[in-house]
Amino acid sequence: MPAAVRVDSDLETVRAMQPNHGEWMDKMRYVLGRIGKVVRQFDTGDVKVLVDGEEWTLNPVVLDSMMPTTTTSRQGARAEASSGGGIKSGDSVRVIGDVSKLKELQKGHGGFNDSMRKVLGCVVTVIGIDKDGDVHVKHGDQQWCLNPQAVEKVDGSEASGGAGEDGDGAEMLRRLLASALLKAFVDK
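Conventions we followed
Residues numbered from 1 in each chain as written. Predicted model: local features only at pLDDT ≥ 70, side-chain atom pairs only at ≥ 80, totals over all residues. Heavy atoms only, no water. Buried < 20%, exposed > 50% of the residue type's maximum accessible area, 1.4 Å probe, protein only. Helix = DSSP H or I, 4+ residues; strand = E, 2+ residues; numbered from the N terminus. Salt bridge = Lys/Arg side-chain N within 4 Å of Asp/Glu carboxyl O. Pairing = 2+ DSSP bridges. Axes fitted to C-alpha atoms, helices over the stretch in contact; angles between N-to-C directions. Contact = heavy atoms within 4.5 Å. pLDDT = per-residue confidence, 0-100.

Let us look at unusual backbone geometry. One non-glycine residue, N20, adopts positive backbone phi at about 70°. Taking relative accessible area as the criterion, N20 reaches 68% and is therefore assigned exposed. The phi angle at E23 is positive, at roughly 65°, despite the residue not being glycine. Within the secondary structure, E23 is located in the loop between α1 (11–17) and β2 (35–41).

Once that is clear, we can look at the pattern of salt bridges. Counting across every chain of the model gives nine salt bridges. Of the charged contacts, one joins K153 and D91 as a salt bridge, the two residues approaching to 3.5 Å between their closest N and O atoms. Of this pair, K153 sits in strand β10 (residues 151–153) while D91 is found in the loop between α2 (74–83) and β6 (92–95), placing the two residues 62 residues apart along the sequence. Of the residues examined, D91 reaches a relative accessible area of 9% and is grouped as buried.

Strand pairing in a sheet relies on backbone hydrogen bonds. The paired strands run either parallel or antiparallel. Spatially, β9-β8-β7-β6-β10 is the arrangement adopted by the five strands of the open sheet, whose pairing is antiparallel. The sheet terminates laterally at β9 (142–146) and β10, the two strands that pair on one side only. Looking at each pair of strands side by side, their axes are set apart by 40° on average, direction ignored. Two elements, strand β8 (residues 135–139) and β9, share five bridges in a ladder whose sense is antiparallel.

Quick look at the environment of A150 now. Along the chain, A150 turns up in the loop between β9 and β10. The exposure class of A150 is buried, given its relative accessible area of 0%. Once the C-alpha coordinates of A150 and K101 are considered, the two residues, 49 residues apart in sequence, prove to be 8.3 Å apart. When neighbours within four sequence positions are excluded, A150 is seen to be in contact with R94, V95, I96, L102 and L105.

Let us now look at the side chain of D46. Among the secondary structure elements, D46 is positioned in the loop between β2 and β3 (47–51). Excluding residues that lie within four positions of it along the chain, D46 makes contacts with N20, H21, G22, R40, Q41, T57, L58, N59 and P60.

Time to look at the confidence of the model for the protein. Parts of the prediction with low pLDDT should not have their coordinates interpreted in detail. Considering every residue of the protein, the mean pLDDT works out to 76; 71% of them sit at 70 or more. Here α2 stands out as the element of the protein with the lowest mean pLDDT, 41, in contrast to β6, whose mean of 92 is the highest. Note that pLDDT drops below 50 for residues 67–84; the model gives that stretch 21 contacts with residues more than four away or on any other chain. Confidence drops under pLDDT 50 across residues 161–168; counting only partners more than four residues distant or on other chains, this segment forms 17 contacts.

Right, let's get into the pairing of β2. Summarising the sheet, strand β1 (residues 4–7) and β2 pair through three bridges and their orientation is antiparallel. Bridge pairing in β2 places A4 opposite K37. Bridge analysis of β2 against β3 gives four bridges, and the strand direction is antiparallel. When the bridges of β3 are listed, R40 appears paired with K48. Between β2 and the antiparallel strand that follows it, β3, lie five residues; G45 among them carries a positive phi value of about 100°.

Here the focus is the sheet that holds strand β5 (residues 63–65). Read across the sheet, five strands follow the order β4-β3-β2-β1-β5 without closing on themselves; strand pairing throughout is antiparallel. Two strands close off the open sheet at either side, each with one partner strand: β4 (54–58) and β5. Adjacent strand axes in the sheet meet at a mean angle of 45°, parallel and antiparallel pairs treated alike.

Listed below in structure tokens is the structure:
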């Protein structure tokens, strides 16, 4: 029986992930957030998905399995086991803060590059889990492939109260400053 998958509903995420994976076509807007059936998986990792009678070649990162994690493919089980459980597309996760440890963990998981320094200790958004169990994340306009052991899932309050999209804590600093100014004004 073919596996059921849901295509990510975020237009910008899917568009950004399609180059070299079947490419982006404006007609693809129709399949965003829709459920389809896997018809074929190519050697490249790309997946052909049937959605309402039409086949689409998609990057596997933009697909979420519709089956419970306990019965999904090996990659889903590996991602859950490696990540401490249940990380999925759309979740907020915190990247570890130790650059040396991240460099070590990234060996065999997409490698490390200096642009990753700006997300050390930051909350980022998961945009997918690949077939190897690696976690694909987005922060601002940048995306990275991370070892699932380099991230931990955070709850909603941590996700909204962490560093801003710029990754340097500027949003938190602005909030603290605004709070202090308001308190000083009210206390007068």
